[in-house]
Amino acid sequence: MNIIRLKEGEIAFVEAGIGEPILYIHGLGAAGTEDFPYFFSHLPGFRHIAPDLFGYGCSAKDSKLYDFKHQAQALASLIVSLGINKINVIGHSMGGTIALELY
């Protein structure tokens, strides 16, 4: 697991593989670092990135920016900090709504 300090706060994420990147956004009551890594080995040829949203898993819990817009802004900052300029997004449940905010 990695933890990166963004202007929005600390965000935890797991990353595996090489190739075209995929960002996995978890749903309510879940954590990307725990729920998505199972899929990584089943989808070879991709760079998998699964963060914990603020307030979940190992990401910052002291942020006041838990709404969908701010979660999406933090994910955009994560993507940029990882040097990615084009990414595929998979959002589960609440993560789907955040994915729409990301675009």
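Keep in mind that what you see is a predicted model, and the values were worked out from it rather than measured.

(A) Expanded view of the environment of Gly45. Note on placement: Gly45 falls in the loop between helix H2 (37-40) and strand E4 (46-51). For the pair formed by Gly45 and Pro21, sequence separation is 24 residues and the distance between their alpha carbons is 9.2 Å. The contact partners of Gly45, leaving out residues within four places of it in the chain, are Ile18, Gly19 and Glu20.

(B) Looking closely at the packing of helix H3 (residues 68-81) against helix H4 (residues 94-102). Running from N to C, H3 and H4 point in directions that differ by 70°, and their axes come no closer than 8 Å. One finds that H3 runs roughly perpendicular with respect to H4. Crossing handedness for the pair H3 and H4: right-handed. Seen from H3, the contacting residues are Phe68, Lys69, Gln71, Ala72, Leu75, Ala76 and Ile79; seen from H4, they are Met94, Thr97, Ile98, Glu101 and Leu102. Partitioned by chemical class, the residues of the contact of H3 with H4 number 8 nonpolar, 2 polar and 2 charged.

(C) Just the pairing of strand E2 (residues 9-16), in detail. When strand E1 (residues 2-6) meets E2, the two strands line up antiparallel, connected through 5 bridges. Across the sheet, residue Asn2 finds its bridge partner in E2, namely Phe13.

(D) Here's a closer look at unusual backbone geometry. One non-glycine residue, Ser93, lies in positive phi territory at about 55°. In this structure Ser93 comes out as exposed when scored by relative accessible area, which is 53%.

(E) Geometry of the packing of aromatic side chains. Under the defined criterion, the tally for this structure stands at 4 aromatic pairs. With a centroid separation of 6.4 Å and an interplanar angle of 45°, the aromatic rings of Phe36 and Phe39 are classed as tilted. Relative accessible area serves as the criterion here: at 9%, Phe36 is assigned to the buried category. By the ring-pair criterion, three or more aromatic residues cluster together here, those being Tyr24, Phe36, Tyr38, Phe39 and Phe40.

About the thresholds
- Residues numbered from 1 in each chain as written.
- Predicted model: local features only at pLDDT ≥ 70, side-chain atom pairs only at ≥ 80, totals over all residues.
- Heavy atoms only, no water.
- Helix = DSSP H or I, 4+ residues; strand = E, 2+ residues; numbered from the N terminus.
- Contact = heavy atoms within 4.5 Å.
- Axes fitted to C-alpha atoms, helices over the stretch in contact; angles between N-to-C directions.
- Parallel < 35°, antiparallel > 145°, perpendicular 65-115°, else oblique.
- Left-handed = near helix turned anticlockwise from the far one by under 90°.
- Nonpolar A, V, L, I, M, F, W, Y, C, P; charged D, E, K, R; others polar.
- Pairing = 2+ DSSP bridges.
- Buried < 20%, exposed > 50% of the residue type's maximum accessible area, 1.4 Å probe, protein only.
- Phe/Tyr/Trp six-rings, centres within 6.5 Å; stacked < 30°, edge-to-face > 60°.

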